[in-house]
Amino acid sequence: MEKVGRYHFMAEPFHCDFSGHLFMGHLGNHMLNAADFHSTHRGFGMKKLMAKHRSWVLSRLAIEMNEMPSQYTEFDIETWVESAMRYFTSRNFAVVGQDGTIYGYGRSIWAMIDTESRQPTDILSVDNGAIMEWVEPEKECPIAKGGRVKMGDEAQYVRTVDTYYNDVDINGHINSVKYIEHVLDLWPLEWYQSHQILRFEIAYVAETHAGDQLSFYQESVGANDYYIRIVRTDGTECCRSRILFR
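Report follows, based on the coordinates. Starting afresh in each chain, residues are numbered from 1 along the sequence in its written order. Per-residue local features of the predicted model are confined to residues with pLDDT of at least 70, and side-chain atom pairs are confined, for both listing and counting, to 80 or more; whole-chain, interface and lining totals are unaffected and use all residues. The side-chain values count all of the structure's non-hydrogen atoms but skip hydrogen atoms and water molecules.

## Details of the sheet that holds strand 5 (residues 102-114)
Stage number 1. By definition, two strands form a pair when at least two bridges between them are found by DSSP. Helix numbers and strand numbers start at the N terminus; a helix is a DSSP run of H or I with at least 4 residues, a strand a run of E with at least 2. Judged by pairing direction, the sheet is antiparallel, and its 10 strands sit side by side in the order 1-3-4-5-2-7-10-9-8-6 without closing on themselves. Pairing within the sheet leaves two strands with one partner each, and these edge strands are strand 1 (5-10) and strand 6 (156-162). Taken over all neighbouring pairs, the strand axes of this sheet differ in orientation by 25° on average, direction set aside. Think of each axis as a best-fit line through the C-alpha atoms, taken over the contacting stretch in the case of a helix, with angles from 0 to 180 degrees between the N-to-C directions.

In structure tokens, the structure reads:
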């Protein structure tokens, strides 16, 4: 089996926005599905880990797109593990059209947690570090890694949202992609009629659960460049994000 996995998807029309292009949130879901397919086929996927009271959790995600696939477009997502350490592993993505068009790339950082204690656990302790057999450091991912989002006192409160059943994933906390959707909803529809998302970054800091309220703070740091901080009900910061538009 190859170290790089390749999985087929389609931009289904009801997964597309008003412009007829795939929502960023649905692209994120496809990337996470590709990651699960890849890890499952190679023996370190969620189903196997759950039996050992372990699970993967997404720590960071950066997506940079030249363009989004339009409705009914078929495309593949390539994914591979770039590196693996004791507590974190790096996984990359490439979004590739059927004609070889490169739509964009993604970079992600994952941690493994103990599902009972909710604490990080040693990735290399699972099957004697078998994940190392699948590391592919040579394949290029030409986009920058996610940077540190440093926000100052200038950040402005935008809104607070509630969380419900549909926000919760298999790990029992708010789904990673739900944060992406909430962040992108901070701009009105009219904004997206004249702007496209060039790069989206998000770093997950603390878990939130159904019933928590999420408050969003926004800071402009350059032309079409924004930082976002997300704070849960008890005042704990749970995410930071950066969005660069064109």
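## Side note on helix 1 (residues 24-41)
Stage number 1. Multiplying one less than the number of residues by 1.5 Å gives the expected span of a helix. With 18 residues, helix 1 should reach 26 Å at 1.5 Å per residue; the first-to-last C-alpha distance of 26 Å fits that figure.
Stage number 2. Note on exposure labels: buried denotes an accessible area under 20% of the residue type's maximum, exposed denotes more than 50%, and partly exposed covers the range between, all computed with a 1.4 Å probe on protein chains only. When helix 1 is considered as a whole, its buried residues turn out to be Met 24, Gly 25, His 26, Leu 27, Gly 28, His 30, Met 31, Leu 32, Ala 34, Ala 35, His 38 and Ser 39.
Stage number 3. Positioned one or two residues after helix 1, Gly 43 has a phi angle of 95°, which is positive.

## With respect to the layout of surface pockets
Stage number 1. When its volume is computed, the largest pocket comes out at roughly 950 Å³.
Stage number 2. Looking at the lining of the largest pocket, the elements that each hand over two or more residues are helix 1, strand 2 (54-65), strand 4 (89-97), strand 5, helix 3 (176-184) and strand 10 (237-245).
Stage number 3. Sorting elements by how many residues they give to the lining of the largest pocket places helix 1 first, with six residues.
Stage number 4. Under the convention adopted here, Pro, Cys and the residues Ala, Val, Leu, Ile, Met, Phe, Trp and Tyr are nonpolar, Asp, Glu, Lys and Arg are charged, and Gly plus all remaining residues are polar. Classifying every residue of the lining of the largest pocket by side-chain character gives 22 nonpolar, 11 polar and five charged.
Stage number 5. For each structure, a 1 Å grid was placed over the protein atoms alone; sets of points admitting a 1.4 Å probe that cannot get out are labelled cavities, open sets with protein on both sides within 12 Å along at least five of seven lines are labelled pockets, and lining residues have an atom within 4 Å of a point. Grid points are joined across faces, edges and corners, and a volume is the space filled by probe spheres set on the points. Approximately 640 Å³ is the volume attributed to the second largest pocket.
Stage number 6. What lines the second largest pocket is a set of 25 residues, among which Asp 17, Phe 23, Met 24, Tyr 192 and Ile 197 lie closest to the centre.

## Examining helix 3
Stage number 1. In terms of burial, helix 3 is a largely internal element, seven of the nine residues being buried.
Stage number 2. If you check which residues of helix 3 are buried, you get Ser 176, Val 177, Tyr 179, Ile 180, His 182, Val 183 and Leu 184.
Stage number 3. A distance of 2.7 Å separates the backbone nitrogen of Val 177 from a side-chain oxygen at the start of helix 3, and that oxygen is part of Asn 175. In protein, a polar contact requires one atom able to donate a hydrogen and another able to accept it; more generally it is a pair of N or O atoms within 3.5 Å, and residues adjacent in sequence count only if both atoms are side-chain atoms.

## Let's talk about the pattern of salt bridges
Stage number 1. Counted as salt bridges are all cases of a side-chain nitrogen of Lys or Arg within 4 Å of a carboxyl oxygen of Asp or Glu. Enumeration according to the criterion identifies 17 salt bridges in this entry.
Stage number 2. Notably, a salt bridge pairs Arg 242 with Glu 201, separated by 3.6 Å at the nearest N-O pair. Taken as a pair, Arg 242 in strand 10 and Glu 201 in strand 7 (residues 197-204) lie far apart in primary sequence, 41 residues in all.
Stage number 3. Close ionic contact of Arg 240 with Glu 237 constitutes a salt bridge, the shortest N to O distance being 2.6 Å.
Stage number 4. Sharing partners across several salt bridges, the network here consists of Glu 64, Arg 199, Glu 201, Asp 225 and Arg 242.

## Considerations on the packing of aromatic side chains
Stage number 1. A pair of Phe, Tyr and Trp rings is counted when the ring centres sit within 6.5 Å of each other, with Trp represented by its six-membered ring. The angle between the planes then sorts it: under 30 degrees is stacked, over 60 is edge-to-face, the rest tilted. A full pass over the atoms with the stated rule returns 11 aromatic pairs.
Stage number 2. Ring centres of Phe 9 and Phe 75 lie 6.2 Å apart, and the angle between their planes is 25°; this geometry places the pair in the stacked category. Placement of Phe 9 in strand 1 and of Phe 75 in strand 3 (residues 74-84) is noted, with a sequence separation of 66 residues between them.
Stage number 3. Judged by its relative accessible area of 0%, Phe 75 falls in the buried class.
Stage number 4. Seen in terms of ring centroids, Trp 187 and Tyr 226 are 5.2 Å apart; in terms of plane orientation they differ by 70°. Their pairing is edge-to-face.

## Side note on the nonpolar core
Stage number 1. Residues belong to a common nonpolar core when they are buried Ala, Val, Leu, Ile, Met, Phe, Trp, Tyr or Cys residues joined through side-chain atoms within 4.5 Å. In terms of nonpolar packing, the biggest core is built from 58 residues, with Met 24, Leu 27 and Trp 187 touching the most fellow members.
Stage number 2. Among the elements that take part in this core, helix 1 stands out by supplying six residues, more than any other.
Stage number 3. Residues count as neighbours in contact if any of their non-hydrogen atoms are within 4.5 Å of one another. Among all residues touching Trp 187, those that are not within four sequence positions of it are Tyr 192, Gln 218, Tyr 226, Ile 228, Ile 243 and Phe 245.
Stage number 4. Core analysis: the second largest hydrophobic core is formed by six residues, Trp 80, Val 96, Cys 141 and Ile 143 among them.

## Quick word on empty space enclosed by the protein
Stage number 1. Evaluated as defined, the whole model comprises one cavity of 30 Å³ or more.
Stage number 2. In this structure, the largest cavity spans a volume of roughly 70 Å³.
Stage number 3. In this structure, the largest cavity is lined by Gly 43, Phe 44, Leu 49, Trp 56, Met 112, Ile 123, Val 126, Asp 127, Ala 130 and Ile 131.
Stage number 4. In terms of residue class, the lining of the largest cavity is built from eight nonpolar, one polar and one charged.

## Comments concerning unusual backbone geometry
Stage number 1. Phi is positive for Asn 128, which is not a glycine, with a value near 55°.
Stage number 2. Among the structural elements, Asn 128 can be located in the loop between strand 5 and strand 6.
Stage number 3. A positive phi is found at Asn 224, a non-glycine position, where the angle reads about 60°.
Stage number 4. Topologically, Asn 224 is positioned in the loop between strand 8 (213-222) and strand 9 (225-231).
Stage number 5. Assessed through its relative accessible area of 26%, Asn 224 is described here as partly exposed.

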